Amino acid sequence: MSKPFHFWGGLMVAGVLWGTAVWVSSEAARPGMPPYTKSAMPTFAVQDAAMVLNGARRFGADLAFIQLMQYYGSPEHSDPQVSYPLRKKTHRYSRSDHHKDREDSQSHNEEGHESGHLHLGSEGTADATDQPSAGFPLLGDFALRAGTLDPRFHFAYLFASGALAFNLNRGDDAVQVLEHGIRGDPTYWRYRMYLGAISYRKNQETEKVVATLEEAMKDPDCPSMIKNILAHIHIKKGNLKRAAEIYVDLLESRDPSYSTHAENQLVKLGVIRK
Amino acid sequence: MRSLLAIARYTFLQQFRNRLYLVVVLFGLLMMGATLLFGALAGDQEVRVILDLGLVTAELFGLATAVFGAVTLVLEEMESKTIYLILTRPLPRPVYVVGRFAGLFIAVAVSIILMEILHFGLLYFKGWTPDPAVWMALPMMGLKVMVMTALTLLCSLTFTSVPTATVFSILLWVLGHFGNEIRFMGEKAGGAAVTLAAVFCAILPDMTLLNARDMLDYPGFNGSVLGHGFLYAGLYTLACLALSSALFSRKEF
Amino acid sequence: MTDLAAIQLDGLGKTYSRSHLGRVKKTMGLEGVSLSVKEGEVFGLLGLNGSGKTTTIKLVLGLLFPTSGTAKVFGSPAGSAQAKRAVGYLPEIPYFYKYLSGKEVLRFYGRLSGLAESRLNGQIDEVLAQVRMTANAGRPMREYSKGMLQRIALAQSMLHDPRLMVLDEPVTGLDPLGLREMRELIHQLNTKGKTVFFSSHSISEVEKLCHRVGILVNGRLARVVDQSEWKSEHGRLEEIFVSTVAPDHVRAAA
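Values in this document were obtained by computation on a predicted structure and should not be read as measured data. (Residues numbered from 1 in each chain as written. Chains lettered and ligands numbered in written order. Predicted model: local features only at pLDDT ≥ 70, side-chain atom pairs only at ≥ 80, totals over all residues.)

Would you mind showing me how to read the overall build of chain B here?
Across its full length, chain B carries 11 helices and 0 strands. Along the chain direction, N to C, the helices and strands of chain B fall in the order α-α-α-α-α-α-α-α-α-α-α. Relative to the compact-globule value of 18 Å for 253 residues, chain B shows a C-alpha radius of gyration of 19 Å, a close match. Viewed in the frame of its principal axes, chain B has a C-alpha envelope of about 60 × 50 × 30 Å. Considering only contacts within chain B whose residues lie at least 6 apart along the sequence, 81% involve residues at least 24 apart. (Helix = DSSP H or I, 4+ residues; strand = E, 2+ residues; numbered from the N terminus. Rg over C-alpha atoms; globule rule 2.2 N^0.38 Å. Contact = placed C-beta atoms within 7 Å.)

Below, the structure is given as structure tokens:
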């Protein structure tokens, strides 16, 4: 066969195959994430864009969550003293902004407030009537960022909303996070369960809070933090037996900080000996 | 058929005796081990992070071996003139192109399989329970790499320059993942932009259809998606190979 | 043997086009070459560097496509599968995959030539013996000397028992023993009925081997010389060659 035949024949075959491929693509279902339009945290826009462009949005959400965990675990990110609502990020939050916030909060504070850095022993021990903590102002943003990348990354929303509501006493911020989660995945009913728990807490309906969190504990996706919070609530209410049961469950946690804390608590409760 | 198998076999052997290929695979295996470190930072989500990072690692390193292998596959042979003794044999040129592609893809698939064996070993060690969605994601990953291997081969024959072909291939990989966003922006802009976006997405490889890694938790990710993925990837790959054969048929040495 | 010419070139021409910054530069490689090489003949192609010898060979092999005219091998278009089956090619400088051994290379090329698996091993052993490479066939090619590479190159060209052997400068770079071996091999091949078509700079070797010689000058076939024209007188072919490629030089000498 001659060279021209091979060339034009190849082009024709390629055209037919490609056209058929385009048709298959147009007919195919495409379960997955909605189009990604912008990052919830401009500081990480480049990192997030790189993940999107490599088809790694789920992994990008994982990285965002790891950064959330590191942020929440870093004492230097806690702002002491005065409370303020969830910062809506319209500009790049820089070190100078952080210093300015500290100066503002110091100039306004009179009574002082224990910093909200991650301390497992204090999770869930605050009352709804306590002052909201100013610590970790970007906690919600990190969760929104993870959820924007992967709207079905439920854990990020549950973790952040739990921390905001029960540890940092910022129920409104927690509600905003959960509402963002509901927009991304309206079918995930546990968001509404957490909303219920936060609402009960606000109204000081402690029994209902306990009941809701007990229900949440049955979910295999329930964050260890929520279990820890529930255990502390039970200790506060004097239900040491139930608290011990929860700590036994927490011994299996993948997060070593929680499993270690649970072990220590069980020693304190006299259930196990070190 | 014998000729095709012979070409595929020596291409496969050539990859395994290529130092760059071995270095990339080794690095991929090391990175797989590093997923444990990332997982430890994620607390309760350790298994999810190991799963996701492992899939990304295997795919990206597989892509690297595919792209670096494909850009040099034919170009190097043309420059070194080893191609003379092949093309002077009664071997149709399309058979040469397809055989080279097949040998390279099999070598890349083996590298991905090795990395995934390690990956799943780590996951089982961490108490992961097998998920049907993940088993479906693995062949889809292979399909993405298959499409990129064919596309890169086409780029190498089109541009006849290794750096240009490499850059262009990576650009197509990236833009292929941006299809949903391109269509979305076209719809937002309206008018001619919709058609332009559609044309652009038709030319680009539809990586969003094959990107099963990001579909794992989503309802509707089922056998139908897998079937469409196989069909699309197969057709697109064959189209690239047909175009490559057409271009190669005109090459003089 | 058939009545078909082993190689039939009719008005064969090749113009090279190179584009640079939008400008197309054309270079004439070959023009109006008409030639018929009979089956069973040893035909030599002589010419200065750049005269078109390699271009002619590549057109016969299908590595280049003609701009004008036609090239046929045993009646089939040059470069077609039928033509390629009949041709064994020895390049001027053989390039092989260094990571393969001599035997693996031959097995690979044997498969590409369409040799049946049952015949392959036998053929490989036979050609290795012919080129005296049996002992070294298992070593990787990167350990081979230049002479050994040349022998393997020769082996791969004979592997599928082709009717036509096309050799591009087969005697270039060979030592006197190598020259003699190559000469004997070409003679043996021709005795078996094979047609041999080769290009060379070496007039003395061409004289000893060929039935006819074609002289290329600046891409044109200037003259075809029959054996009878140079056999009678030593050095006659050289005179014919010089007078053909550089007539001014001859006139000046005279």
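Moving on, there is more to tell.
Any chance you could explain the sheet that holds strand 2 (residues 23–37) of chain C here in plain terms?
Strand pairing in a sheet relies on backbone hydrogen bonds. The paired strands run either parallel or antiparallel. Residue and element names in this part refer to chain C. On the basis of which strands lie adjacent, the open sheet formed by 4 strands has the order 2-1-4-5 and antiparallel pairing. Every other strand in the sheet has two partners, leaving strand 2 and strand 5 (76–77) as the edge strands with one partner each. Here 2 bridges tie strand 4 (residues 68–73) to strand 5, and the two strands are oriented antiparallel to one another. Across the sheet, residue V73 finds its bridge partner in strand 5, namely S76. (Pairing = 2+ DSSP bridges.)

Even after reading the chapter, I still don't get the interface of chain B and chain A, so can you show me in this structure?
Frequently, the measure chosen for interface size is the accessible area removed from exposure when the parts meet. Contact with chain B, which involves 49 residues of that partner, is made by 41 residues of chain A. Of all elements in the fold, only helix 3 (46–80), helix 8 (179–189), helix 10 (207–210) and helix 11 (223–249) of chain B reach the threshold of two or more residues within the side of chain B that touches chain A. When residues of the side of chain B that touches chain A are assigned to their parent elements, the largest contribution, 14 residues, is made by helix 11 of chain B. Its residues assigned to classes, the side of chain B that touches chain A comprises 27 nonpolar, 11 polar and 11 charged. (Nonpolar A, V, L, I, M, F, W, Y, C, P; charged D, E, K, R; others polar.)

Help me understand helix 1 (residues 53–61) of chain C, please; the structure alone is not making it clear to me.
In an α-helix, one full turn covers 3.6 residues, which means residues spaced three or four apart are oriented alike. All names here are of chain C. The buried fraction of helix 1 is high, at 9 of 9 residues. Within helix 1 the residues assigned to the buried category are K53, T54, T55, T56, I57, K58, L59, V60 and L61. Following helix 1 by one or two positions, G62 has its phi on the positive side, about 85°. (Buried ≥ 20, exposed ≤ 12 C-beta atoms within 10 Å, placed from the backbone.)

What is the right way to read the packing of helix 8 of chain B against helix 9 (residues 192–203) of chain B from this model?
How two helices pack is summed up by the angle between their axes together with the distance between the axes. All names here are of chain B. Between helix 8 and helix 9, whose axes approach to 7 Å, the crossing angle comes to 165°. Between helix 8 and helix 9, the angle falls in the class roughly antiparallel. Between helix 8 and helix 9 the crossing geometry is left-handed. When helix 8 is examined against helix 9, the residues G179, I182, R183, M185, G186, E187 and A189 are found in contact with a partner set consisting of A193, V194, L196, A197, F200 and C201. The class makeup of the residues in the contact of helix 8 with helix 9 is 9 nonpolar, 2 polar and 2 charged. (Axes fitted to C-alpha atoms, helices over the stretch in contact; angles between N-to-C directions. Parallel < 35°, antiparallel > 145°, perpendicular 65-115°, else oblique. Left-handed = near helix turned anticlockwise from the far one by under 90°.)

Quick question: what am I supposed to make of unusual backbone geometry here?
Where the residue is not glycine, phi is negative for most of them; where a peptide bond is considered, it is trans in most cases. All names here are of chain A. Positive phi values are uncommon outside glycine, yet F136 reaches one of about 50°. Locating F136 in the fold gives a position in the loop between helix 4 (95–108) and helix 5 (139–149). Its 27 C-beta neighbours within 10 Å are what place F136 among the buried residues. Within the chain, Q204 stands out as a residue other than glycine whose phi angle is a positive 55°. Mapped onto the secondary structure, Q204 falls in the loop between helix 8 (190–202) and helix 9 (206–217).

Before we go on, may I ask you to explain the pairing of strand 4 of chain C in this structure?
Every other side chain in a regular strand lies on the same face of the sheet, so the side chains alternate between the two faces. Residue and element names in this part refer to chain C. Judged from the 5 bridges that link them, strand 1 (residues 7–20) and strand 4 form a sheet pairing that is antiparallel. Across the sheet, the residue bridging to G13 is S68, located in strand 4. Where strand 4 hands over to strand 5, the hairpin turn is made up of 2 residues, of which F74 adopts a positive phi near 50°.

Any chance you could explain the nonpolar core here in plain terms?
The biggest cluster of nonpolar side chains holds 209 residues, and the ones touching the most others in it are A:F65, A:L68, A:A143, A:A146, A:A156, A:A160 and C:V166. A total of 16 residues in this core trace back to one element, the largest contributor, which is helix 3 of chain B. Excluding its chain neighbours within four sequence positions, the residues that come into contact with A:L68 are A:F142, A:A143, A:A146, A:A156 and A:A160. (Core = buried A, V, L, I, M, F, W, Y, C linked by C-beta atoms within 7 Å.)

Hey, could you run me through the sheet that holds strand 6 (residues 87–90) of chain C in this one?
All names here are of chain C. Ordered in space as 6-7-8-3-9-10, the 6 strands form an open sheet in which the pairing is mixed. For this open sheet the edge positions go to strand 6 and strand 10 (220–226), each flanked by a neighbour on one side alone. Taking the axes of each pair of neighbouring strands and ignoring which way they run, one obtains an average angle of 15° across the sheet. Bridge count between strand 9 (residues 212–217) and strand 10: 6 bridges; the pairing is antiparallel. Directly across from I215, in strand 10, lies its bridge partner R223. Where helix 5 (residues 146–158) meets the sheet, it contacts strand 6 and strand 7 (164–168), and its direction lies at approximately 170° from that of strand 6. Across the face of the sheet, helix 9 (residues 236–245) comes into contact with strand 3 (42–47), strand 9 and strand 10 while running at roughly 25° to strand 9.

Whenever I open this one, the confidence of the model for chain B confuses me. Can you help?
In the predicted model, chain B carries a mean pLDDT of 90, and the fraction of residues at 70 or more is 100%. Model confidence for chain B, summarised as mean pLDDT per element, is weakest for helix 2 (residues 19–40) of chain B at 80 and strongest for helix 11 of chain B at 94. (pLDDT = per-residue confidence, 0-100.)

Any chance you could explain the environment of C:R180 here in plain terms?
Residues and elements named next belong to chain C. Topologically, R180 is positioned in helix 6 (residues 176–191). When the 11 C-beta atoms within 10 Å are taken as the criterion, R180 is described as exposed. As a C-alpha pair, R180 and P162 span 18 residues in sequence and 22 Å in three-dimensional space.

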